[in-house]
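Each chain, written out:
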Amino acid sequence: MSRFIIPLIAVLLFFLEPVFSLFSPIELGGERYTLVPRFVIIYLIFITVFYSRQRAIVYGIILGLLYDMFHIDIIGLYAFLFPLICFIASLIIRQVHQHMMTVILLILFLIAVLELLSYFFAALVSLTSIGFDEFISSRLVPTMIANSIFIALFGWLFKNLIDKRILQRQGEIL
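Calculation notes
- Residues numbered from 1 in each chain as written.
- Predicted model: local features only at pLDDT ≥ 70, side-chain atom pairs only at ≥ 80, totals over all residues.
- Heavy atoms only, no water.
- Helix = DSSP H or I, 4+ residues; strand = E, 2+ residues; numbered from the N terminus.
- Expected span 1.5 Å × (residues − 1).
- Buried < 20%, exposed > 50% of the residue type's maximum accessible area, 1.4 Å probe, protein only.
- Salt bridge = Lys/Arg side-chain N within 4 Å of Asp/Glu carboxyl O.

### Here's the deal with unusual backbone geometry
In step 1: For the bond from serine 24 to proline 25, the omega torsion is 0°, close enough to zero to count as cis.
In step 2: Here proline 25 lies in the loop between helix H1 (5-21) and strand S1 (26-28).

### Description of helix H2 (residues 39-50)
In step 1: The first and last C-alpha atoms of H2 sit 17 Å apart over twelve residues, in line with the 16 Å expected at 1.5 Å per residue.
In step 2: By the criterion of burial, H2 is predominantly enclosed, with twelve of the twelve residues buried.
In step 3: Of the positions making up H2, those classed as buried are Phe39, Val40, Ile41, Ile42, Tyr43, Leu44, Ile45, Phe46, Ile47, Thr48, Val49 and Phe50.

### A word on the pattern of salt bridges
In step 1: Enumeration over the complete set of coordinates arrives at three salt bridges.
In step 2: As a salt-bridge pair, glutamate 115 and arginine 38 come within 2.5 Å of each other at their nearest N and O atoms. Pair noted here: glutamate 115 is in helix H5 (residues 100-124) and arginine 38 is in the loop between strand S2 (31-33) and H2, with a separation of 77 residues, a long-range link. Here the two residues glutamate 115 and arginine 38 agree in accessibility, since each one is buried.
In step 3: A salt bridge links glutamate 115 to arginine 139; the nearest nitrogen and oxygen atoms lie 3.1 Å apart. Of this pair, glutamate 115 sits in helix H5 while arginine 139 sits in helix H6 (residues 132-173); the two residues are 24 residues apart in sequence, bridging distant segments of the chain.
In step 4: By relative accessible area, arginine 139 is classed as partly exposed at 25%.
In step 5: Several salt bridges converge on common partners, so that one network encompasses Arg38, Glu115 and Arg139.

Okay, structure coming up:
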């Protein structure tokens, strides 16, 4: 069972994202803010940094394709972006220390990259009509805040689960 815990959590997070997106948009002071949960990519980056880049990319392709099929009208966008983000994470983490705070900052940076790329693509194919300034203030900033809270709540849990799986895997090899 424990060998399936990492992909099982990824699938669980995939199904939890739409549940949390039901709380969005929120209205504060007459302004509407859209919070986009990015639980799957957060977890995939943890897998990339602490476990295996190859597995994270494979999970990214599969979950990205599922994300495309269930959430947007264009097949292939997230199936391309999720593995790309994992690959970029693996390149950056080689250059810096794998400290948890560094990983959190990396994740937040890559979520911003993912949001910007998806916005630019949606603007390119006319799927969105909001301007860039509105996107930054009403979607990107609230998304970053919401996902920061998620990372603060579950980041250590993800790291500990991955560490336990690594130790178990080393025991299987011996």
